[in-house]
Amino acid sequence: QVRLVESGGGLVQAGGSLRLSCTTTGIAQNIFALYTLGWYRQVPGKERELVASVADFGTEAYTDSVKGRFTISRDDAETTFYLQMNSLKPEDTAVYYCNARRSIPIPLTYWGQGTQVTVSS
């Protein structure tokens, strides 16, 4: 059974930093390397939005509001990935979810349970 577990959320003042981790179990290392990994966030009343992603070949992508402040990274050997968040702003407050997905040979997607990030002004 595949399981994604986030950690590292919490309360931080504006301008501070947090590092989120997503530890994955149930996926072999060589298969994990084929997954596109992503971090999403959601606030009440709004749709979940993609914050950052890293593809199997390493290409990173970020939503405009976090470019230059957040960095996504992956450790395929440990089947874990991270989101380093610097210069945090109150508008970054949300529940952050990690996601692992692949398209071939069949579409698969897995979600973590979410971790709260609160940035105080």
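Right above here is the structure, for reference.
Criteria and cut-off values
- Residues numbered from 1 in each chain as written.
- Predicted model: local features only at pLDDT ≥ 70, side-chain atom pairs only at ≥ 80, totals over all residues.
- Heavy atoms only, no water.
- Helix = DSSP H or I, 4+ residues; strand = E, 2+ residues; numbered from the N terminus.
- Rg over C-alpha atoms; globule rule 2.2 N^0.38 Å.
- Buried < 20%, exposed > 50% of the residue type's maximum accessible area, 1.4 Å probe, protein only.
- Areas by Shrake-Rupley, 256 points an atom, 1.4 Å probe, with all protein chains shown as cover.
- Lys, Arg positive; Asp, Glu negative; His and termini not counted.
- Charge placed at Lys NZ, Arg CZ, Asp CG, Glu CD.
- Contact = heavy atoms within 4.5 Å.
- Pairing = 2+ DSSP bridges.
- Axes fitted to C-alpha atoms, helices over the stretch in contact; angles between N-to-C directions.
- Core = buried A, V, L, I, M, F, W, Y, C linked by side-chain atoms within 4.5 Å.

S.K.: Describe the overall build of the protein, listing the residues and the values that go with them.
M.R.: Along the backbone of the protein there are one helix and eleven strands. For 121 residues, the compact-globule formula gives about 14 Å, and the C-alpha radius of gyration of the protein, at 14 Å, lands near that figure. If one aligns the C-alpha atoms of the protein with their principal axes, the spans along those axes are about 45 × 25 × 25 Å. Within the span of the protein, comprising 121 residues, buried residues form 40% of the whole. Carbon and sulfur atoms make up 51% of the accessible area of the protein, which totals about 6,400 Å². The averaged location of the 11 negative side-chain charges in the protein is 3 Å from the averaged location of its 11 positive side-chain charges.

S.K.: An account of the environment of Ile31 is requested, with residue identities and associated values reported.
M.R.: Note that Ile31 resides in helix 1 (residues 29-32). What makes Ile31 partly exposed here is its relative accessible area of 31%. Along the chain, Ile31 and Arg102 lie 71 residues apart, while their C-alpha atoms are 9.8 Å from each other.

S.K.: Before we move on, can you summarise the side chain of Thr24 with the specific residues and values?
M.R.: The residue Thr24 is located in strand 3 (residues 18-25) in this model. Looking at Thr24, the relative accessible area reads 3%, which means it is buried. Residues within four places of Thr24 in sequence aside, it is in contact with Val2, Arg3, Leu4, Phe32, Thr79 and Phe81.

S.K.: Residues and numbers for the sheet that holds strand 8 (residues 80-85), please.
M.R.: Overall, antiparallel pairing links the four strands, which are arranged 1-3-8-7 in an open sheet. Each end of this open sheet is capped by a strand with a single partner; those strands are strand 1 (3-7) and strand 7 (70-75). Here the strands of the sheet are splayed against their neighbours by 15° on average, with no regard to which way each runs. Pairing of strand 7 with strand 8 involves six bridges; the strand directions are antiparallel. Across the sheet, the residue bridging to Ile72 is Leu83, located in strand 8.

S.K.: Describe the nonpolar core, listing the residues and the values that go with them.
M.R.: Counting 27 residues, the largest nonpolar core has Trp39, Phe70, Leu83, Met85 and Tyr96 as its most contacted members. Sorting the residues of this core by element identifies strand 3, strand 4 (36-42), strand 5 (49-54), strand 7, strand 8, strand 9 (94-102) and strand 11 (115-120) as the ones contributing at least two each. It is strand 9 that contributes the most residues to this core, four residues altogether. The contact partners of Met85, leaving out residues within four places of it in the chain, are Gly16, Ser17, Leu18, Leu20, Arg69, Phe70, Tyr96 and Val117.

Distances and angles like these do not, on their own, reveal function.
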